[in-house]
Amino acid sequence: MSSDLAAARRHEGSWRPGLPRGRIGLLALISALGLAGAYFGVSRNAATPAADAKAAGRGPATRVTAGDVIQSDFPLILSGLGTVTPSATALVKPRIAGHLTEVNFTEAQNVKAGDVIASVDARPYHLALAQAEGQMQKDLALLQNAERDLVRYETLSHKMKGVISAQQIDTQRALISQYKGTVAIDRALVEQARLNLSYCRIVSPIDGRLGLRHIDKGNYVQPGDANGVAVVTLLTPITVVFTIPENRLPDVLKKFRAGDTPTVVAYDHDRTHELARGRLIAIDNQIDPSSGTIKLRAEFPNQDERLFPNQFVNADLLLDTLRDVALAPVAAVQQGARGPFVYTVTAEKTVQSRPVKLGPSGAERVVIEEGLRPGERVVTEGADRLRDGAAVTTASEREGDAARPPAKPRAS
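1. A word on the overall build of the chain
Thought 1: The secondary structure content of the chain amounts to 6 helices and 20 strands.
Thought 2: When each of the 412 residues of the chain is scored for burial, the buried share is 32%.
Thought 3: Considering only residue pairs separated by 6 or more positions, the chain has 77% of its internal contacts joining residues 24 or more positions apart.
Thought 4: Summing over all exposed atoms, the chain offers an accessible surface of approximately 25400 Å²; the carbon and sulfur share of this is 54%.

This is the structure in structure tokens:
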């Protein structure tokens, strides 16, 4: 009986109510196929717009900034660092020694050449002049007496032979020549004394403006004083010495030798304000081998005295002007494996890369010799995210251009 019970339990565990096993497998296969078909349809519908956009060469519109290609004149400018130097400067020093009795100027006063600015005690030099004149009178009297003696000797020699020897006459003539030399020396000493007396009035040697006073009344001065009495500097006109690269020298020499005087504009240290306009007047005779530059000198009227000696300035030399050329924003130029190119914005709001040939450039604009025409628009910001045919939305740069300071072109 136990064996019958075990067999019955084995038979009960092997049977379950429900569908046959073959029908269950078929239903599972049909469900899997349905899910795969639904997934394929959804994926196809989702991929279709991206594929269509990719096929058209356009994706989501990229926001960029664009600028205009304009037609205008373009000045070629050479820039250099410069220092303001006076046209003339003089350290006023006494020519003689003595005590200052007067100081006849105020600091920063404008003076003319010959104006008296100080005086030295003249009494010792009056006495020296009187002494020199007295010595000359004494030697002149001796000369006159020797000349009269010579006349007497010659007269006696003609009237009475043998009374006056020839040697005595020759000696008297030599004495006269000696006295003449002495009188000449005395006359020079008198002129020297008069000159020293005139030096008691210290005068300005040039036109210009006096600086700060270096010494006061009552001090003892002498020619060896290092600081002198004052410094006179000519401020109008004034000059600026600046440098340019040596490879630009031939262009400057060509214009300078042709008789042209290129315009030079001086700007302040930060290049934010124009200080003065002048003209090129001189070119140095040698190139500095340590820096590869050459010095130029420009002269400025400086009537408003905005330039002061030793002031640091930025100098721009106008070398030439290109007329009616195509100018594009500098920011639009990209560099590729085949050279420079730009992205132009088409009427359909897409971009197209275009190779260009560049000319001289400035801070804001660059000359386009080939590749662009005036009136076209080019991408200036956001070009790193673009490719040919990409859709873009542009923002005008006209307001930005109006707000920027004017460009300062450079010759390249």
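2. Re the pattern of salt bridges
Thought 1: Taken as a whole, this structure holds 17 salt bridges when the rule is applied.
Thought 2: Among the salt bridges present, the one from Arg248 reaches Asp251, with a minimum N-O distance of 3.0 Å.
Thought 3: Arg248 gets classed as buried once you look at its relative accessible area, which sits at 15%.
Thought 4: For Asp316, the salt bridge goes to Arg271, with nearest N and O atoms at 2.9 Å. Of this pair, Asp316 sits in strand β13 (residues 312-329) while Arg271 is found in the loop between β10 (263-267) and β11 (274-283), placing the two residues 45 residues apart along the sequence.
Thought 5: Ionic contacts of the salt-bridge type, sharing partners, join the residues Glu133, Glu191 and Arg194 into one network.

3. Here we look at the side chain of Asp186
Thought 1: Here Asp186 shows up in helix α4 (residues 166-198).
Thought 2: Buried within the structure, Asp186 lacks any salt-bridge partner; Arg187 is the closest side chain of opposite charge, at an N-O distance of 8.6 Å.
Thought 3: Beyond its immediate chain neighbours, meaning those up to four positions away, Asp186 contacts Ala132, Gln135, Met136 and Asp139.

4. Focus on the pairing of β13
Thought 1: Bridging between strand β2 (residues 70-92) and β13 involves 13 bridges; their strand directions are antiparallel. Across the sheet, residue Pro75 finds its bridge partner in β13, namely Thr321.
Thought 2: Relative to β13, β10 runs antiparallel, the two being bridged by 4 bridges. Residue pairing in the sheet places Val264 in a bridge with Leu317 of β13.

5. Remarks on the environment of Ile77
Thought 1: When you line up the elements, Ile77 lands in strand β2.
Thought 2: On a C-alpha basis, the gap between Ile77 and Leu318 in space is 4.6 Å, while along the polypeptide they are 241 residues apart.

6. A few points about the packing of aromatic side chains
Thought 1: All chains considered together, the criterion is met by 1 aromatic pair.
Thought 2: Ring centres 5.6 Å apart and planes at 85° place the aromatic pair Phe341 and Tyr343 in the edge-to-face group.
Thought 3: What makes Tyr343 buried here is its relative accessible area of 9%.

7. Considering the nonpolar core
Thought 1: One finds Phe242, Val252, Val264, Leu296, Phe300, Leu307 and Leu317 to be the most contacted residues of the largest nonpolar core, which totals 29 residues.
Thought 2: Elements represented by at least two residues in this core include exactly β2, β9 (230-245), α5 (249-257), β10, β11, β12 (293-300) and β13.
Thought 3: In terms of residue count, the dominant contributor to this core is β13 (6 residues).
Thought 4: The residues touching Leu307, leaving out its near neighbours within four places in the chain, are Val84, Ile238, Val240, Ala266, Leu275, Ala276, Phe300, Asn302 and Val313.
Thought 5: By size, the runner-up hydrophobic cluster in this structure holds 24 residues, among which are Leu100, Phe105, Cys200 and Val232.

8. Let's talk about a nonpolar patch on the surface
Thought 1: On the surface, Leu156, Met160 and Val163 cluster together into a nonpolar patch covering about 250 Å² of accessible area.
Thought 2: Summarising the element assignment, Met160 is placed in the loop between α3 (123-159) and α4.

9. Re unusual backbone geometry
Thought 1: Cis geometry marks the peptide bond from Thr236 to Pro237; its omega dihedral reads 0°.
Thought 2: Tracing the backbone shows Pro237 in strand β9.
Thought 3: Within the chain, Asn302 stands out as a residue other than glycine whose phi angle is a positive 55°.
Thought 4: Take Asn302: it is sitting in the loop between β12 and β13.

10. A look at the confidence of the model for the chain
Thought 1: In the predicted model, the chain carries a mean pLDDT of 84, and 82% of its residues have values of at least 70.
Thought 2: When mean pLDDT is taken per element in the chain, β12 scores highest with 96 and helix α1 (residues 2-13) scores lowest with 41.
Thought 3: Residue range residues 1-22 is modelled with pLDDT below 50. Its contacts to residues more than four positions away, or to other chains, number 1 contact.
Thought 4: Under a pLDDT of 50 for its full length, residues 397-407 has, in the predicted model, 10 contacts with residues more than four places off or in other chains.

11. Re the sheet that holds strand β6 (residues 201-203)
Thought 1: Read from one edge of the open sheet, 4 strands run β6-β5-β3-β8, paired in antiparallel fashion. Of all strands in the sheet, those with a lone pairing partner are β6 and β8 (220-221), marking the two edges.

12. Brief notes about the environment of Leu150
Thought 1: Within the secondary structure, Leu150 is located in helix α3.
Thought 2: The sequence separation of Leu150 and Thr171 amounts to 21 residues, and the corresponding C-alpha distance is 9.4 Å.
Thought 3: Setting aside residues no more than four positions away along its own chain, Leu150 makes contact with Ile169, Gln172, Arg173 and Ile176.

13. Overview of the pairing of β12
Thought 1: With 8 bridges connecting them, β9 and β12 associate as antiparallel partners. Bridging across to β12, Ile244 finds its partner in Ile294.
Thought 2: Two strands pair when backbone bridges link them, and β11 and β12 are joined in this way by 4 bridges, in the antiparallel orientation. Its bridge partner being in β12, Ala282 is matched across the sheet by Arg297.

Each value, and the rule that gives it
Residues numbered from 1 in each chain as written. Predicted model: local features only at pLDDT ≥ 70, side-chain atom pairs only at ≥ 80, totals over all residues. Heavy atoms only, no water. Helix = DSSP H or I, 4+ residues; strand = E, 2+ residues; numbered from the N terminus. Buried < 20%, exposed > 50% of the residue type's maximum accessible area, 1.4 Å probe, protein only. Contact = heavy atoms within 4.5 Å. Areas by Shrake-Rupley, 256 points an atom, 1.4 Å probe, with all protein chains shown as cover. Salt bridge = Lys/Arg side-chain N within 4 Å of Asp/Glu carboxyl O. Lys, Arg positive; Asp, Glu negative; His and termini not counted. Pairing = 2+ DSSP bridges. Phe/Tyr/Trp six-rings, centres within 6.5 Å; stacked < 30°, edge-to-face > 60°. Core = buried A, V, L, I, M, F, W, Y, C linked by side-chain atoms within 4.5 Å. Patch = residues over 30% accessible without salt bridge, like charges linked within 9 Å, V, L, I, M, F, W, Y side chains within 5 Å. pLDDT = per-residue confidence, 0-100.

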